[in-house]
Each structure stands twice: as C-alpha cells, then as structure tokens.
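# Coordinates in review
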Amino acid sequence: MLRTALLAAARSPLARQVVERTPLARPVVRRFVAGSSLREAVDVTASLIADGRKVTLDHLGEDTTDAAQAAATVDAYERLLAELGSSGLAHGAEVSVKLSAVGQSLPKDGEKIALDNARLICEAAAAVGTTVTLDMEDHTTTDSTLGILGDLRVDFPSTGAVLQAYLRRTEQDCRDLSGAGSRVRLCKGAYKEPESVAYQDKSEVDRSYVRCLRILMNGAGYPMVASHDPRLVAIAADVASAAGRTVDTYEHQMLYGVRPDAQREIAAAGKTLRVYVPYGDQWYGYFMRRLAERPANVAFFLRSLATK
Ligand code: FAD
C-alpha cells in the first residue's frame, strides 16, 4: 500500500511542490542523486571509474509537456557528452535517456520530436565514442519507445533498450531483442502498473525476471542485468555460465547510492558493474520511485526531516 501511495505521489504535482520545497529533503536526496550540476555529475563519474566501476548518466527529467524544455534536455546531454569526451571519461561512461524528457509526451508530434531529439543525443554520444540507453517508463509508452529504439538502431546499432520483467509482454520483447549487437537492460520495473499488463506479486516478477534472463543470456546480444537483488545477481551468473558466456559478454548494473558494497564486490570479481548516476534539479519523480522500492528509505527520509 505504501508503494502504491508513493508511486501515486511521484506523479502528483501537489506532492511534488511539498517535497521539493522542503530544503531538508536534499541531504537525503543526495544519497541517490549525484548533484544538480554537470560538474558534480562528472566528478562522481570520475571517482566511480577510478574505483573500477562504469557509469551510465541520467540527466533527470520526465513527462515534459513543453518543446523548449525538451530541447533544453537535449542541450544538457550534448554538453554532458562533450565533457565526458574532453575529460577522457567516455570509455567508461554512457548516458541513459527518458524519451518523455525529450518530447515523447508532447500532445502534437511527440513521438517524432522524441525521435529527432534522441537522434541528436545519439550523434553526440557517437562523436565521443560512447552509447545511449533508452530508459523504459510506464507501460503506455512501451510500444512507442521500442519503435523509436528500432529507428535509432538503424544508424546507431548500439543504442540500448530497457525491458521490465514485471510486464507480461516482456518475455516476447526479450526474444525480439536478443539478436547480435542488441544491448538490453533487464530490470524488474519501477512504475505502478495495472494487473492486466503486469505481474503484481513479487515472486511472480522474480520468476519472470529469471525467464527473461535465460532468453537474453542464451541469445546473441549483450544483456545488462539491472538488479540489486542478491538472489537474482547470483542466478544471473549461473544462467550466464550455463549459456557458455564469459563475463565480458554481459554486465551488471545498479543505482547510485544503492548497495555500494555489492557494487564494489562485483567489480572486484572482475565483472563489469555499471552505476546508474542521475543528476539535475528534476529529482522528484526519480526520488519517489526509490522511496517506493524500499520502505526503510521512507523512514530514513522522515527521520532526516525530524532531526535536522
Ligand atoms: P528489489 O527486490 O526491489 O530490491 C532488492 C534489494 O536491493 C532490496 O532488498 C534492497 O536491499 C536493495 N534495494 C533495491 N532498491 C533499493 C532502493 N531504492 N534503496 C535502497 N535499497 C534498495 N526501472 C524502470 O522501470 N525503468 C528503467 O529504465 C529502469 N532503469 C534502471 C536502471 C538500473 C541500472 C537499475 C539498477 C534499475 C533500473 N530501474 C528501472 C529500476 C528497477 O526497475 C527496480 O525498480 C529497482 O532496481 C529495484 O529492483 P531490484 O531488482 O533491485 O529488486
């Protein structure tokens, strides 16, 4: 119930105003968000790479209803990618993009605007020798996002997709995206979805995750195992070795601020561990989804408000 309430609040403009105006919220937010500026994001990236981890950077923002805001997001990604190139970090860092931040939800021509904008970001990434992964948002956007992915992959074949194990459709999407060169991040899924399209029970989601892992690991693509769940991390290693994969043919991914010790352990074991690093001022929706994932985070948040 708490998860449902937090995910509803993540989409509520009123709740957003209240939480964002609470300055004391910020130290707690900083556990999950690298900072508001490009400089802070690049500094965090440099230290993670120096520590043996890789990075995917997300310029925070979503559900943009203004074309100028979408263009500003493209500009932010272009500046970020140029900075990654000039500071020599592009070998270890790529970017993650939410299509709703670059125009997908605009009422008129949203899909076309998002495709054109995403193409600009892919060009900027290619110019410095790195890649883009398209984050996946709620289920109403899945077909549109996979359609745009297909268009982008014509010119930028290394553009990555995200598939969510909680969606009933995802096993088939895994089959469709398991070909050579296909980079697929598999996660459980972070949005509130109806029973008609998504498994509601945690154990059903976990079982779906394992079925999807098997499909991706036995395919010819590059699976990106995005989970902090120790059981699924261990199963991924077993499924990969049963599929005859070496550790350089897939990677693990975790969120900035979540299980950092496990992140270091995976990297120290010689595997690729990529940290998803969000930055920017539009942290509200991202932060609320992180609270929803773990009730202890809510207590942490409330305690910090009470004690400061
Ligand atoms: P869970 O069962 O939720 O968690 C397992 C354990 O991990 C928990 O017991 C806890 O110890 C720890 N943990 C998990 N979450 C937190 C947290 N917030 N704070 C503290 N500890 C935590 N979802 C999307 O819908 N679309 C995306 O594009 C997307 N991209 C992602 C990219 C990456 C790199 C990662 C790691 C996740 C992404 N997600 C995305 C979120 C994902 O769908 C899950 O909501 C999230 O990862 C929690 O699921 P879990 O597999 O870690 O398992």
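Quick caveat: nothing in here was measured; it's all calculated off a predicted structure.

A separate point is the environment of Ser 196. Tracing the backbone shows Ser 196 in the loop between β5 (183–187) and α9 (202–218). Residue classification places Ser 196 among the exposed residues on the basis of a relative accessible area of 61%.

Right, let's talk about the packing of aromatic side chains for a bit. Under the criterion given, the structure shown has three aromatic pairs. With centroids separated by 6.3 Å and ring planes inclined at 55 degrees, the aromatic side chains of Phe 32 and Phe 287 adopt a geometry described as tilted. Of this pair, Phe 32 sits in helix α3 (residues 25–32) while Phe 287 sits in helix α12 (residues 284–293), and the two are 255 residues apart along the sequence. An angle of 5 degrees between the planes, with centres 6.1 Å apart, marks the rings of Tyr 276 and Tyr 286 as stacked. Highlighted residues: Tyr 276 in strand β8 (residues 273–279) and Tyr 286 in helix α12, separated in sequence by ten residues. Three or more aromatic residues joined by ring pairs make a cluster, and in this case those are Phe 32, Trp 283 and Phe 287. In this structure, Arg 290 is placed above the aromatic ring of Tyr 286, and the distance from its NZ or CZ to the ring centre is 4.4 Å.

With that settled, the discussion passes to the pattern of salt bridges. Applying the stated criterion across every chain yields a total of 29 salt bridges. Linked through salt bridges whose partners overlap, the residues forming this network are Lys 188, Lys 202, Asp 206, Asp 229 and Arg 231.

Mapped onto the secondary structure, Gln 253 falls in strand β7 (residues 251–255). Setting aside residues up to four positions removed in sequence, Gln 253 forms contacts with Arg 185, Met 224, Val 225, Ala 226, Ser 227, Leu 273 and Arg 274.

To continue, consider the site of the ligand. Of all residues adjacent to the ligand, which total 27 residues, the nearest are Lys 188, Gly 189, Ser 227, His 228 and Glu 293. Interatomic distance of 2.7 Å between a side-chain N/O atom of Lys 188 and an oxygen atom of the ligand. Ala 190 is positioned with one of its backbone polar atoms (N or O) 3.0 Å from an oxygen atom of the ligand. In isolation the ligand has 920 Å² of accessible area, and contact with the protein removes 87% of it.

Thresholds applied
Counting starts from 1 at the beginning of each chain's written sequence and moves along it residue by residue. Whole-chain, interface and lining totals are the exception, using all residues; otherwise, since this is a predicted model, local features are given only for residues with pLDDT of at least 70 and side-chain atom pairs are given and counted only at 80 or more. Side-chain measures were taken over the full set of non-hydrogen atoms in the model, leaving aside hydrogen atoms and water. A run of H or I in DSSP counts as a helix once it spans at least four residues, and a run of E counts as a strand once it spans at least two, with each numbered from the N terminus. Only protein chains enter the accessibility calculation, which uses a 1.4 Å probe; a residue is then buried when its area is under 20% of its type maximum, exposed when over 50%, and partly exposed in between. A pair of Phe, Tyr and Trp rings is counted when the ring centres sit within 6.5 Å of each other, with Trp represented by its six-membered ring. The angle between the planes then sorts it: under 30 degrees is stacked, over 60 is edge-to-face, the rest tilted. In this scheme, the term charge over a ring applies when either NZ of a lysine or CZ of an arginine sits within 6 Å of the ring centre and within 35 degrees of the ring normal. Here, a salt bridge means any Lys or Arg side-chain nitrogen found within 4 Å of an Asp or Glu carboxyl oxygen. The contact definition used throughout considers only heavy atoms, calling two residues in contact when any of these lie within 4.5 Å. Here a residue is considered near a molecule or strand provided that any single heavy atom belonging to it is located within 4 Å of it. Polar contacts, as used here, are pairs of N or O atoms within 3.5 Å; protein pairs need one atom able to donate a hydrogen and one able to accept it. Residues neighboring in sequence count only if both atoms are side-chain atoms. Here the open area of atoms and residues is found with the Shrake-Rupley method and a 1.4 Å probe, where only the protein chains shown may cover a residue.

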